[in-house]
Amino acid sequence: MEDQQNSIPVTGGKPEPSSFRLVATLGVAGLVSGFFLVGAYLYTLPLIQAAKARALEAAIYEVLPGCVRFDAYDLKSGALVKAEGAATGLPRVFAGYDKEGTRIGFAIQSAVPGFQDVVAGIFGYVPETKTIVGLKILESKETPGLGDKIFKDEAFKGNFVKLAVEPEIVLVKKGEKANPNEVDAITGATISSRAVVSLLNTGMKDWKGTLDKEKKK
Amino acid sequence: MVLGMCPTMAVTNTAINSLAMGMSTLVVLLGSSTLVSLFRKAIPEQVRITTYIVIIATFVTVIDFLLAALVPGVHKELGAFIPLIVVNCLILGRAEAFASRQRAGLAFIDALGMGIGFTFALLAIGIIREVLGSGTLFTIPLFGKGFEPWVIMVLPPGGFLTLGFLLLGFNRLRKKT
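All of these numbers come straight from a predicted model, not from anything done at the bench. Throughout, residues of each chain are indexed from 1 in the direction in which the sequence is written. Here every chain gets a letter starting at A, and every ligand a number starting at 1, in the order they are written. The predicted nature of this model means local features are confined to residues of pLDDT at least 70 and side-chain atom pairs, given and counted, to a pLDDT of 80 or more, with totals for whole chains, interfaces and linings taken over all residues. The basis for the side-chain values is all heavy atoms of the structure; hydrogens and waters are excluded.

A. Quick peek at the overall build of chain B. When you go through chain B residue by residue, the secondary structure sums to 8 helices and 2 strands. The C-alpha extent of chain B, read off along each of the three principal axes, is 60 × 45 × 25 Å. Residue pairs in contact within chain B that sit at least 24 positions apart in sequence constitute 73% of those at least 6 positions apart. Counting rule applied: Lys, Arg positive; Asp, Glu negative; His and chain ends not counted. Charge positions are represented by NZ for Lys, CZ for Arg, CG for Asp and CD for Glu. If the 13 positive side-chain charges of chain B are averaged to one point and the 7 negative ones to another, these points end up 11 Å apart. Elements are defined by DSSP. Helices are runs of H or I of four residues or more, strands are runs of E of two residues or more, and each kind is numbered from the N terminus. Contact definition: two residues touch when any of their heavy atoms are within 4.5 Å.

What follows is the structure in structure tokens.
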């Protein structure tokens, strides 16, 4: 406690430093700090982007079972155009292929508001059967222990192994799933469950029309 | 004194998060205390707090970038709480109360001790909350399937509860001696 009492500034005695000196001190501190920040940013940026790309890549393989290779496509004036390299700002979708080179389906990214913050995810869609074959939540700040079950609870994940998307994905109370387009909610995490369903429906609304037209290669 | 426990509630729901938070704070504390001490004669009294904040914020931001680049998983879990180290009263408190009036060597040792202590404190809370709230320790399951996790322990109220009980225990020990 002694230290704290001493820390009250005692300005008597010493002459007041000039305003120039005060401004200069802060200016120098800010300048040096700026250099460090820019350096750290430039150094870490490629690493951060690489980590993100790796996570996305792993997610694509996860949501499209059997997928061994994928291509990125951008949506440009209503048509899919093969994309090369970094993001172009256009909506992007990934086509996954199996060992024989047959297209299995598409990995679609989507994001919707959740309970706390945005819930972003990627899911695998097979246009031929009109089903969702896998889902991975990439970003979420849902409540630990409750809402985070949307990516931790195995039973909930089981909803997305073979989920029909037509006419629309519907959330039902836990244990009441009877139709292929229904998702069992998580008890105690209705809003998070609803967010996941809305994530899928939003993604489908954005992409279904385009993807269903794509011929199987 | 229970300085700088502000981040405890949010991030100590698992042992690994506690450890990451403690280590990040330790590094920031070491860097800022040493720098503050080195430049203590050059920094005019009137702008000292502002200068300290600039120094601390720089270290925190660099740590934030580094964590995002090297351990993206941990960075994702800690989220907004890394930038919030800037306003942790422990760091500014030590800069103001100790580093600004001592030699750099002493300031470094002080920061080291404070940082390690802080890490231990966070870790203690994190271990208790993870074991009771998730039934795991460093994500290794401890109990069989029959264990029902105490969900409240991983939520913020569990942090307050744990901190309260720990302080109760420590005060009892202190009184005895």
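B. Representation of the overall build of chain A in the model. Assigned secondary structure in chain A consists of 5 helices and 9 strands. From first element to last, N terminus to C terminus, chain A shows the α and β order α-α-β-β-β-β-β-β-α-α-β-β-β-α. Of all 217 residues assigned to chain A, the portion counted as buried reaches 40%. For chain A, contacts bridging at least 24 residues in sequence account for 52% of all contacts bridging at least 6. Burial classification: accessible surface area is computed with a 1.4 Å probe over protein chains only, and a residue below 20% of its type maximum counts as buried, one above 50% as exposed, and the rest as partly exposed.

C. Quick look at the nonpolar core. Only buried residues count toward a nonpolar core, which is a set of Ala, Val, Leu, Ile, Met, Phe, Trp, Tyr and Cys residues joined through side-chain atoms within 4.5 Å. Core analysis: the largest hydrophobic core is formed by 32 residues, its most contacted members being A:Ile108, A:Phe123 and A:Leu200. If we skip the residues at most four places from it in the chain, A:Leu200 touches A:Phe123, A:Ile132, A:Leu135, A:Phe160, A:Leu163 and A:Ile169. In this structure, B:Met9, B:Val11, B:Met21 and B:Leu78 belong to the second largest nonpolar core, which totals 24 residues.

D. Fine view of the side chain of B:Ser24. With respect to the helices and strands, B:Ser24 occurs in helix H2 (residues 15-38). If we ignore the near neighbours within four places in the chain, the residues touching B:Ser24 are B:Ile63, B:Leu67, B:Ile82 and B:Ile85.

E. Representation of the pattern of salt bridges within the structure. We define a salt bridge as a side-chain nitrogen of Lys or Arg found within 4 Å of a carboxyl oxygen belonging to Asp or Glu. Considering all chains together, one arrives at 9 salt bridges over all chains under this definition. With a shortest N-O distance of 3.0 Å, B:Arg94 and B:Asp110 are connected by a salt bridge. Taken as a pair, B:Arg94 in helix H5 (residues 89-97) and B:Asp110 in helix H6 (residues 104-134) lie far apart in primary sequence, 16 residues in all. The pair B:Arg94 / B:Asp110 is uniform in exposure class, with both members buried. Here the residues in one salt-bridge network are A:Lys130, A:Lys208 and A:Asp212, joined through shared partners.

F. Seen up close, helix H8 (residues 156-176) of chain B. All names here are of chain B. For H8, spanning 21 residues, the distance from its first C-alpha to its last is 31 Å, which sits close to the expected 30 Å at 1.5 Å a residue. All of the buried residues in H8 are Gly158, Gly159, Thr162 and Leu163. Buried residues of H8 fall within an arc of 130° about the axis and therefore sit on the same side. Turned more than 90 degrees away from the buried face of H8, the exposed residues are Phe160, Phe165, Leu168, Arg172, Lys175 and Lys176. Take the residue count of a helix, subtract one, and multiply by 1.5 Å to get its expected span. By construction, the arc corresponds to the directions joining the helix axis to the C-beta atoms.

G. Focus on the packing of H6(B) against H8(B). All names here are of chain B. Here H6 crosses H8 at 120°, and the two axes come no closer than 10 Å. The angle between H6 and H8 places the two elements in the oblique class. Considering only the axes of H6 and H8, their crossing is right-handed. Along the contact surface, H6 presents Ala124, Ile125, Ile128 and Arg129, while H8 presents Pro156, Gly158, Gly159, Thr162, Leu163 and Leu166. For every element, the axis is a line fit to its C-alpha atoms; helices are fit only across the contacting stretch, and the angle between N-to-C directions ranges from 0 to 180 degrees. Angles below 35 degrees are treated as roughly parallel, those above 145 as roughly antiparallel, those between 65 and 115 as roughly perpendicular, and all remaining angles as oblique. Crossings are sorted by hand: turned counterclockwise from the far helix by less than a right angle, the near helix makes the crossing left-handed, and turned clockwise it makes it right-handed.

H. Representation of the packing of aromatic side chains. All names here are of chain A. For this analysis, a ring pair means two rings from Phe, Tyr or Trp (six-membered ring only for Trp) whose centres lie within 6.5 Å, classed as stacked if their planes differ by under 30 degrees, edge-to-face if by over 60, and tilted for the remaining angles. Considering all chains together, one arrives at 4 aromatic pairs over all chains under this definition. With a centroid separation of 5.7 Å and 90° between ring planes, the pair formed by Phe70 and Phe94 is classed as edge-to-face. Within this pair, whereas Phe70 is found in strand E1 (residues 69-76), its partner Phe94 is found in strand E3 (residues 92-97), the two being separated by 24 residues in sequence. By the criterion adopted, a ring carries a charge over it if an Arg CZ or a Lys NZ lies within 6 Å of its centre and within 35 degrees of its normal. It is Arg69 that lies over the ring of Tyr97; its NZ or CZ is 4.4 Å from the centre.

I. Broad picture of the interface of chain A and chain B. Taken together, the 32 residues of chain A in the interface contact 29 residues of chain B. Here the buried area means the combined drop in accessible surface, using a 1.4 Å probe, for two parts upon being joined, counting both sides. Between chain A and chain B the total buried area reaches about 2400 Å² when both faces are included, carbon and sulfur atoms providing 71% of it. Put simply, the parts of the chain that give the side of chain A that touches chain B at least two residues each are helix H1 (2-6), helix H2 (19-63) and strand E6 (131-139) of chain A. Per-element tally for the side of chain A that touches chain B: the top contributor is H2(A), with 16 residues.

J. Representation of a nonpolar patch on the surface within the structure. What goes into a patch is any residue over 30% in relative accessible area without a salt bridge, connected to like charges within 9 Å or, for nonpolar side chains (Val, Leu, Ile, Met, Phe, Trp, Tyr), within 5 Å. Each accessible area value is a Shrake-Rupley result obtained with a 1.4 Å probe; residue values ignore everything except the protein chains displayed when judging cover. Taken together, the side chains of A:Val28, A:Leu31, A:Val32, A:Phe35 and A:Phe36 present a nonpolar region at the surface, about 560 Å² in accessible area. Relative to the helices and strands, A:Phe36 is located in helix H2.

K. Representation of the environment of A:Ile169 within the structure. All names here are of chain A. Along the polypeptide, Ile169 turns up in the loop between strand E7 (163-164) and strand E8 (170-172). Remark: the alpha-carbon pair of Ile169 and Ile191, spanning 22 residues in sequence, is separated by 15 Å. Ignoring sequence-local partners within four residues, the contact set of Ile169 consists of Ile132, Leu163, Ala164, Asn181, Val183, Val197, Leu200 and Asn201.

L. Structural context of the environment of B:Gly113. Along the polypeptide, B:Gly113 turns up in helix H6. As a C-alpha pair, B:Gly113 and B:Ala57 span 56 residues in sequence and 21 Å in three-dimensional space.

M. How the structure looks around H2(B). When the terminal C-alpha atoms of H2(B) are compared, their 34 Å separation across 24 residues agrees well with the 34 Å that a helix rising 1.5 Å per residue should span. Summarising burial for H2(B): 18 of the 24 residues are buried, a large majority.

N. Seen up close, the pairing of E3(A). All names here are of chain A. Extensive coverage of E3 is indicated by the burial of 6 of its 6 residues. Of the two faces of E3, the one lined by Arg92, Phe94 and Gly96 and the one lined by Val93, Ala95 and Tyr97 are each fully buried. At least two bridges found by DSSP between two strands is the condition for calling them paired. Relative to E3, E1 runs antiparallel, the two sharing 6 bridges. Paired with Ala72 across the two strands is Phe94, which belongs to E3. With 5 bridges connecting them, E3 and strand E4 (residues 103-113) associate as antiparallel partners. Looking across to E4, one finds that Tyr97 is bridged to Arg103.

The values reported here are purely geometric and, on their own, carry no functional implication.
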